[in-house]
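Fold and contact review
These are the residues of each chain, in order.
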Amino acid sequence: MRDEYANAIADLEPADGAVESTELVVSDDVLVKAFALGPGAELEAHEHGDSTNVFHVLEGTVTVIQGDEHDEIGAPGIVHHDRGVIHGARNETDETVVFTASLCPMPS
């Protein structure tokens, strides 16, 4: 067993306004991705009709969008998005923000 996080995010160094991501876990029933948002970057709002999505905020403070609402979530933090709920994330700080997004079941 080994910790996948440190090695996976080591190369994520987004510039201002940029989003970088990498897959941490991919299996038949789950997808876990790490996202790094540079200052001013945004993960566009979207939805997963057939999957539950969970953000785990690991570094920094991210503004999470869910439907018409938005809220600042600091590390450590967890936000649950039900299936079909529009969600996204914005970095309104001067530091890089890192969070994971877990999808289950795996989107088809």
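The protein has the name Cupin domain in an unreviewed UniProt entry, where Natrinema hispanicum is given as its organism.

Moving on: the overall build of the protein. Within the protein one finds one helix and nine strands. Listing the helices and strands of the protein from first to last along the sequence gives α-β-β-β-β-β-β-β-β-β. Relative to the globule expectation of 13 Å for 108 residues, the C-alpha radius of gyration of the protein, 13 Å, shows essentially globular dimensions. Here the C-alpha coordinates of the protein stretch approximately 40 × 35 × 20 Å along the principal axes. Counting across all 108 residues of the protein, residues that qualify as buried make up 36%. Carbon and sulfur atoms make up 47% of the accessible area of the protein, which totals about 6200 Å². The centroid of the 4 positive side-chain charges in the protein is displaced by 6 Å from the centroid of its 22 negative side-chain charges.

Strand order across the open sheet formed by four strands is S3-S8-S5-S6, with antiparallel pairing between neighbours. The sheet is open, and its two borders are formed by strand S3 (42-46) and strand S6 (69-74), each paired with just one other strand. Mean inter-strand twist for the sheet, computed between neighbouring axes without regard to direction, equals 25 degrees. Alignment of S3 against strand S8 (residues 87-90), held across three bridges, turns out to be antiparallel. Bridge pairing links His46 to His87 in S8.

Analysis parameters
- Residues numbered from 1 in each chain as written.
- Predicted model: local features only at pLDDT ≥ 70, side-chain atom pairs only at ≥ 80, totals over all residues.
- Heavy atoms only, no water.
- Helix = DSSP H or I, 4+ residues; strand = E, 2+ residues; numbered from the N terminus.
- Rg over C-alpha atoms; globule rule 2.2 N^0.38 Å.
- Buried < 20%, exposed > 50% of the residue type's maximum accessible area, 1.4 Å probe, protein only.
- Areas by Shrake-Rupley, 256 points an atom, 1.4 Å probe, with all protein chains shown as cover.
- Lys, Arg positive; Asp, Glu negative; His and termini not counted.
- Charge placed at Lys NZ, Arg CZ, Asp CG, Glu CD.
- Pairing = 2+ DSSP bridges.
- Axes fitted to C-alpha atoms, helices over the stretch in contact; angles between N-to-C directions.

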